[in-house]
Amino acid sequence: MKLAVIGTGYVGLTTGVCLAEIGHTVICVDNDIQKISSLKKNKIPIYEPDLEELLKKNVKNKHLSFSTSIKEAVKKSEVIFICVGTPPREDGSADLSYIETVASEIARDMDGYRLIVDKSTVPVETGEKVEMTIKRNLKKNLPFDVASNPEFLREGSAVYDTFNPDRVVIGVSSKKAENILREIYKPLNSKIVVTDIKSAEIIKHASNSFLATKISFINAVSNICERCGADVEKVAEGMGFDKRIGKTFLNAGIGFGGFCFPKDLEAFLWISQKLGYQFDLLKNVKEINENQKKNFIKKIEDTLWVMKGKTIGILGLAFKPNTDDMRFAPSIDIINKLQAEGAKIKAYDPKAVEKAKEILKNIIYCKNPYEVAKNSDCLVILTEWDEIRKIDLRKIKKLLKHPIIIDGRNIFEPTEMEKLGFIYKSMGR
Ligand code: UGA
């Protein structure tokens, strides 16, 4: 099918590339001229495994192209996916102005039936606003459908997730729209959940909020474990074998970050309140998440005592492994606080250093974990990259001023670390 994807962020670019790979002809649009010109040169602005190779392949075989013109995309495509950003506003609500602008522009360029699919994460009732906007901006009375098709891909495994979704959610108000979307996703052989548009919109916010709740739950449990000498890793393992609970998203640590969970939690809280429901559970989820960072900083302070003049080596800056994304990374708040207390920071991240440099100042960025460890008073682990899991601990011990590791992601075994002669502190054990 001939498809257009408006917005080339994580979701839009991955969606465009993957839809091309499964056989559709896709035109990706963005109003950022520079971004489109580098995409045309096969350069992607983010680090995401496999994305660049697939992009090159599909540009070469003419399944994928890039443009700055919505008009061109609307003319050439039967289905238009809206994948623009919905950033948080001061009050926690989502800024939907990009969605509105794109919807009105699509309407003005339409010359026949189009299916307009919202993939951006939006609060419930956005679909009907998009429909209203399109109706208002059509030059003449043309048939169209609006659908909601929320995205569940994770950064760092975006391509894999797109090809192997647990489910595809399709929120529609007509059989025609349902059939078109079924046809688009047929090659994935995935479970398809068909709902009304509002339910699809809620599925997205509810899923992200539920996952954030799971993380905060295990982090709350980790606080109990710490106070009584239990091991949260064992507790999570024991809980996770229960299929109703499941093993994933029970990793205790410094909490969730990134551009999705914090923002979507806020937006879900905001829309609940607007609809007259106080979703206090989500307020607690947020609070527990903020407190995890504070608890972690206290652990560092308790271990090092006076912070002024100490050198702290940080391993991992990205909000999670396999991405260079620094948006709302816990490392930002933690490093800012340590610097405010007078500590010097050395840091290493396999991919996120360039993006970190824009946000975190006065840091000595190192080429590898060993350079970080050299003459540092302690090592602090903030992201569980595989490369960091595999560091040579004996070598690290020799390089550190004192053999201290404070681990915000529980990547090592406390008994092993003790055997190696480390003072090792982790979360909830
Ligand atoms: C999340 C969802 O997992 C995706 O399904 C969704 O599509 C996406 O948001 C989105 O809305 O766009 P993402 O933010 O890429 O994906 O990352 P996750 O892998 O979910 O991790 C989020 C945060 O939770 C990270 O900071 C991670 O370190 C933290 N986390 C995750 C934990 O602290 N503990 C865990 O057990 C799992």
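Model, not experiment: these values are computed from the prediction.

Bringing the overall build of the protein chain into the picture now. The helix and strand inventory of the protein chain stands at 18 helices and 14 strands. Against the 2.2 N^0.38 benchmark of 22 Å for 429 residues, the protein chain shows a C-alpha radius of gyration of 23 Å, consistent with a compact globule. If one aligns the C-alpha atoms of the protein chain with their principal axes, the spans along those axes are about 75 × 50 × 40 Å. Of all 429 residues assigned to the protein chain, the portion counted as buried reaches 53%. Here the analysis covers contacts within the protein chain between residues at least 6 apart in sequence; of these, 72% occur between residues at least 24 apart. For the protein chain, the accessible area works out to roughly 20,100 Å², and carbon and sulfur atoms hold 53% of it. If you average the places of the 68 positive and of the 58 negative side-chain charges in the protein chain, the two averages end up 3 Å apart.

Here the protein chain is described as being made up of domain 1 (2-195) and domain 2 (210-425). Of note, the centres of domain 1 and domain 2, computed from C-alpha atoms alone, are 33 Å apart. At the interface, 18 residues of domain 1 touch 17 residues of domain 2. For the pair domain 1 and domain 2, the summed buried area comes to about 1,500 Å², and 59% of that belongs to carbon and sulfur atoms. Summed over the shared surface of domain 1 and domain 2, the number is one salt bridge. In this structure, Glu155 engages Arg327 in a salt bridge whose closest nitrogen and oxygen atoms are separated by 3.5 Å. Counting across the interface, domain 1 meets domain 2 through seven residue pairs in polar contact (both at pLDDT 80 or more). In terms of residue class, the side of domain 1 that touches domain 2 is built from nine nonpolar, five polar and four charged.

Our focus in this paragraph is the site of the ligand. In the vicinity of the ligand there are 20 residues, among which Phe152, Leu153, Glu155, Lys204 and Asn208 approach most closely. Here an oxygen atom of the ligand sits 3.0 Å away from a polar atom, N or O, in the main chain of Gly257. In the model, an oxygen atom of the ligand is placed 3.3 Å from a nitrogen or oxygen of the Arg409 side chain. Protein chains shield 92% of the accessible area of the ligand, which is 710 Å² for the free molecule. Breaking the shell around the ligand down by element, the ones donating at least two residues are α9 (197-228) and α11 (261-274). Here the shell around the ligand takes three residues from α9, the largest share from any one element. For the shell around the ligand, the per-class residue count stands at nine nonpolar, four polar and seven charged.

Sheets are built from strands paired through backbone hydrogen bonds, the pairs being either parallel or antiparallel. With parallel pairing, six strands are arranged side by side in an open sheet as β11-β10-β9-β12-β13-β14. The open sheet is flanked by β11 (363-365) and β14 (423-425), the only strands paired with a single partner. Each strand axis lies, on average, 20° off the axis of its neighbour in the sheet, ignoring direction.

Moving on, we get to the packing of aromatic side chains. Applying the stated criterion to the full structure yields six aromatic pairs. Geometrically, the ring pair formed by Phe256 and Phe261 is edge-to-face, given 5.9 Å between the ring centres and 85° between the ring planes. Pair check on accessibility: Phe256 and Phe261 agree, each one buried. Both rings, one in Tyr277 and one in Phe279, keep their centres 5.8 Å apart while their planes meet at 70°; by these two values the pair is edge-to-face. In this structure Tyr277 comes out as exposed when scored by relative accessible area, which is 52%. Of the aromatic side chains, those joined through ring pairs into one cluster are Phe249, Phe256 and Phe261. Its guanidinium or amino end placed over the ring of Tyr113, Lys176 lies 3.6 Å from that ring's centre, counting from NZ or CZ. Sitting over the face of the ring of Tyr370, Lys395 holds its NZ or CZ atom 4.1 Å from the ring centroid.

Our focus in this paragraph is the pairing of strand β7 (residues 168-171). Regular strands place side chains that alternate from one sheet face to the opposite one. Of the two faces of β7, the one carrying Val168 and Ile170 and the one carrying Val169 and Gly171 are both buried. Sheet analysis places β7 next to strand β8 (residues 192-195), joined by four bridges and oriented parallel. Looking at β8, one finds that Ile170 is bridged to Val194. Handedness of the β7-helix α8 (residues 175-185)-β8 crossover: right-handed.

Take unusual backbone geometry next. Phi angles above zero are rare outside glycine, and Asn189 is one such case at about 55°. You can call Asn189 exposed: its relative accessible area is 73%. At Phe249, a residue that is not glycine, the phi angle is positive and equals roughly 60°. Summarising the element assignment, Phe249 is placed in the loop between α10 (232-240) and α11. Of the residues examined, Phe249 reaches a relative accessible area of 28% and is grouped as partly exposed.

The rules behind each value
- Residues numbered from 1 in each chain as written.
- Predicted model: local features only at pLDDT ≥ 70, side-chain atom pairs only at ≥ 80, totals over all residues.
- Heavy atoms only, no water.
- Helix = DSSP H or I, 4+ residues; strand = E, 2+ residues; numbered from the N terminus.
- Rg over C-alpha atoms; globule rule 2.2 N^0.38 Å.
- Buried < 20%, exposed > 50% of the residue type's maximum accessible area, 1.4 Å probe, protein only.
- Contact = heavy atoms within 4.5 Å.
- Areas by Shrake-Rupley, 256 points an atom, 1.4 Å probe, with all protein chains shown as cover.
- Lys, Arg positive; Asp, Glu negative; His and termini not counted.
- Charge placed at Lys NZ, Arg CZ, Asp CG, Glu CD.
- Domains from an automatic or database assignment.
- Buried area = accessible area lost by both parts, 1.4 Å probe.
- Salt bridge = Lys/Arg side-chain N within 4 Å of Asp/Glu carboxyl O.
- Polar contact = N/O pair within 3.5 Å; in protein donor to acceptor, adjacent residues only side chain to side chain.
- Nonpolar A, V, L, I, M, F, W, Y, C, P; charged D, E, K, R; others polar.
- Near = heavy atom within 4 Å.
- Pairing = 2+ DSSP bridges.
- Axes fitted to C-alpha atoms, helices over the stretch in contact; angles between N-to-C directions.
- Phe/Tyr/Trp six-rings, centres within 6.5 Å; stacked < 30°, edge-to-face > 60°.
- Lys NZ or Arg CZ within 6 Å of the ring centre and 35° of its normal.
- Right-handed = clockwise from strand over helix to strand, strands pointing away.

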